[in-house]
Amino acid sequence: MARKVTMPFAAFLTLVSVLLAPSCASTVEEVQQFLDVYEIRAQQVYSTSALASWAYNTNITDYNYQKSIEASGISAAFSLEAAQNASQFEGDFPDGIQRQLDSVSYMGSAALRDPDKVTEYNEVRSSMSKIYNQGKVCRTVDGKETCYNLDPGLEDIMSNSDDYEELKWAWKAWRDEVGVANNDLYIRYVELSNQVAIANGYADKGALWRDNYEMGDDIIDAAYDIYDTILPLYQQLHAYVRRKLHAVHGEHIDLEGRIPACVLGDMWGRFWGTIYRNVVPYPDRPNIDVTDKMIEQNYTVSQMFHLSDDFFKSMDLIGAPQEFWDHSMFVRPDDREVGCHATAWDFSNRKDFRIRMCTDINMDDLLTIHHEMGHIQYYLQYKDLPISFRGGANIAFHEAVGEVMTLSVATPAHLHKIDLLEEAGNDPETDINFLLKMSLSTIGTLPFSLALEQWRWDVFSEDVTPDNWMERWWDLKHRLVGVKAPVERTEDDFDPGAMFHIVGDYSFMRYYMRTIIQFQFQKAMCDAKGHEGPLHTCDIYESQEAGDKLGAMLKLGSSKPWPDAMEEITGQRDISADAIMEYFQPLYVWLQQQNENEKLGWDEKSGANGIQPQYMLLVTAVLFLIF
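The present account deals with the structure reproduced in this document. The shown structure was predicted, so the numbers you read here are calculated from the model rather than taken from an experiment.

Quick word on the pairing of strand β1 (residues 137-141)
Inspection of the sheet shows β1 paired to strand β2 (residues 144-148) by 5 bridges, in the antiparallel sense. Pairing of Val137 across the sheet is with Tyr148, part of β2. Between the end of β1 and the start of β2, which pair antiparallel, lie 2 residues, with Asp142 showing a positive phi angle near 55°.

Considering the pattern of salt bridges
Under the criterion given, the structure shown has 34 salt bridges. Close ionic contact of Arg489 with Asp493 constitutes a salt bridge, the shortest N to O distance being 3.7 Å. Judged by relative accessible area, Arg489 falls into the buried class, the value being 17%. Residue classification places Asp493 among the buried residues on the basis of a relative accessible area of 13%.

Let's talk about the packing of helix α15 (residues 363-382) against helix α23 (residues 544-554)
Running from N to C, α15 and α23 point in directions that differ by 65°, and their axes come no closer than 9 Å. Put simply, α15 runs roughly perpendicular to α23. Handedness of the α15/α23 crossing: right-handed. On the side of α15, the interface is formed by Gln377, Tyr378, Gln381 and Tyr382, while α23 contributes Gly551, Met553 and Leu554. A per-class count over the contact of α15 with α23 returns 4 nonpolar, 3 polar and no charged.

Remarks on the side chain of Thr430
Here Thr430 lies in helix α18 (residues 428-440). What makes Thr430 buried here is its relative accessible area of 2%.

Criteria and thresholds
- Residues numbered from 1 in each chain as written.
- Predicted model: local features only at pLDDT ≥ 70, side-chain atom pairs only at ≥ 80, totals over all residues.
- Heavy atoms only, no water.
- Pairing = 2+ DSSP bridges.
- Helix = DSSP H or I, 4+ residues; strand = E, 2+ residues; numbered from the N terminus.
- Salt bridge = Lys/Arg side-chain N within 4 Å of Asp/Glu carboxyl O.
- Buried < 20%, exposed > 50% of the residue type's maximum accessible area, 1.4 Å probe, protein only.
- Axes fitted to C-alpha atoms, helices over the stretch in contact; angles between N-to-C directions.
- Parallel < 35°, antiparallel > 145°, perpendicular 65-115°, else oblique.
- Left-handed = near helix turned anticlockwise from the far one by under 90°.
- Contact = heavy atoms within 4.5 Å.
- Nonpolar A, V, L, I, M, F, W, Y, C, P; charged D, E, K, R; others polar.

Pasting the structure below:
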């Protein structure tokens with residue numbers, strides 16, 4: 001599988017060594033000189049690598065694939081040399097300088113110290129992503145064959161169809177085509193990822209990911225504490241959705257059991273927002289899913305992005321630069337294969353920031369645009385920091401910044417303000433409609449995120465082996481999420497391999513924690529604005545006070561530990577579920593009334609205590625065993 005990178009590594013490393021090699025210096029001035037030279041070279045190397053990756057992801061060809069692998073190899077070699085040099089400095093340095101040195105000292109995949117193995121690692125990850133991005137399934141109806149990409153195509157079916165058999169077909173076909181093909185690659189990915197983690201001083205890849213939160217064992221305890229806090233609300237939402245979907249799909253939905261994963265609105269059952277039409281509490285109230293209104297008003301993709309940019313500028317934040325508009329990919333091109341999963345890109349040169357997205361004209365994509373533009377805003381705010389500090393306070397912060405904007409954009413008052421809703425919706429029934437809709441993509445996704453990340457912690461720590469990966473995957477979904485596969489699954493299947501974030505090497509705790517953090521951010525900015533009334537009615541649009549609060553935190557990048565950044569915006573130093581529970585309290589009361597005669601939960605015991613005993617090490621204080 002490994003192909004030798006054709007770039008002249010030895011010559012490249014010699015050049016880097018000449019530029020960066022320290023002399024075991026112990027003075028602040030010498031360390032700063034090293035960091036200054038590193039800054040110049042790092043921007044060049046990482047920008048070149050990002051450009052090569054962009055070229056491949058927006059034009060999937062064998063040539064671009066090879067160029068991307070070569071650029072990744074050069075980047076890894078640079079990181080190795082820089083890390084080795086940074087580690088030679090000894091002495092007591094100011095916190096900011098020491099934090100930069102610690103960041104530079106992280107080697108990443110370069111810690112493998114073998115160019116061929118680094119190349120294999122990059123190729124395995126790229127190969128999985130290629131299978132995912134080029135995945136296509138076909139079916140024959142009435143003698144006519146039709147083939148579908150994931151997006152658009154299969155995602156349209158999962159979002160809009162109420163035909164259970166069609167949903168089941170699309171769900172299974174995607175996994176048969178993409179998941180199974182990625183199985184062997186993922187086995188090798190786990191092996192190499194753990195080698196990278198161990199070479200960087202961690203027990204395994206899961207421990208490496210968790211270290212981003214600078215909390216040690218506490219991040220896992222915090223995750224399960226949050227789960228237990230939101231579980232009563234989730235159980236109420238699950239029971240309500242289950243009953244509503246039974247009215248659509250009949251006997252396929254067990255009114256006292258788990259929900260089939262194919263009926264929840266997307267390919268993975270992650271975001272339930274598109275089933276709002278089937279579960280809306282008060283259908284006679286104005287439709288707060290404004291997709292039809294957008295189509296009626298002839299919305300364009302460009303208009304959607306500019307609307308989002310205007311939201312940030314209304315808060316006296318930074319507008320997207322011209323390069324963003326010139327170089328981003330907003331729609332799927334007809335003339336080539338591309339990756340379509342919405343992503344925001346920082347090219348490490350302080351001026352080039354882009355979004356890649358295959359946008360449709362609908363409300364979900366409008367909210368997704370605000371999410372991705374949140375990443376762009378973060379990039380813009382910290383772009384003048386040293387490259388080592390150009391990141392979120394932790395990776396969940398980065399995800400939360402865009403999501404917090406959607407809490408305002410989706411409010412009936414805001415939609416009315418931008419002429420997408422005729423009434424501002426100040427009545428209790430519209431409030432419940434709104435809160436229910438928002439809960440589908442927040443409360444509904446939290447157990448999903450935790451189950452997915454727990455599975456990977458188990459895989460990386462080798463608590464489960466490839467022979468029972470699928471068993472553990474569905475055990476967690478059964479127990480934590482209350483969903484089930486719509487068709488029989490065996491170890492010959494590999495459902496994790498059909499998901500973007502798994503084959504793309506993205507940790508998932510960021511999405512779990514961001515869902516909590518975004519409500520903490522929202523409450524803090526609404527307080528700064530002087531909002532009066534329930535938290536869910538707050539719209540921070542046009543609030544400079546809220547913008548000042550957010551901007552002050554964003555400018556810190558990763559230069560401070562995340563509790564410092566959290567304190568900057570919220571006055572708190574912890575991740576807390578208090579704000580999200582306050583936000584949804586009116587919905588919780590309403591759901592309790594609606595579900596008075598419903599069975600809550602599903603077939604198995606729910607909550608953290610429902611996890612099988614052999615896995616309880618992962619949710620108790622004895623977690624030091626895997627660190």
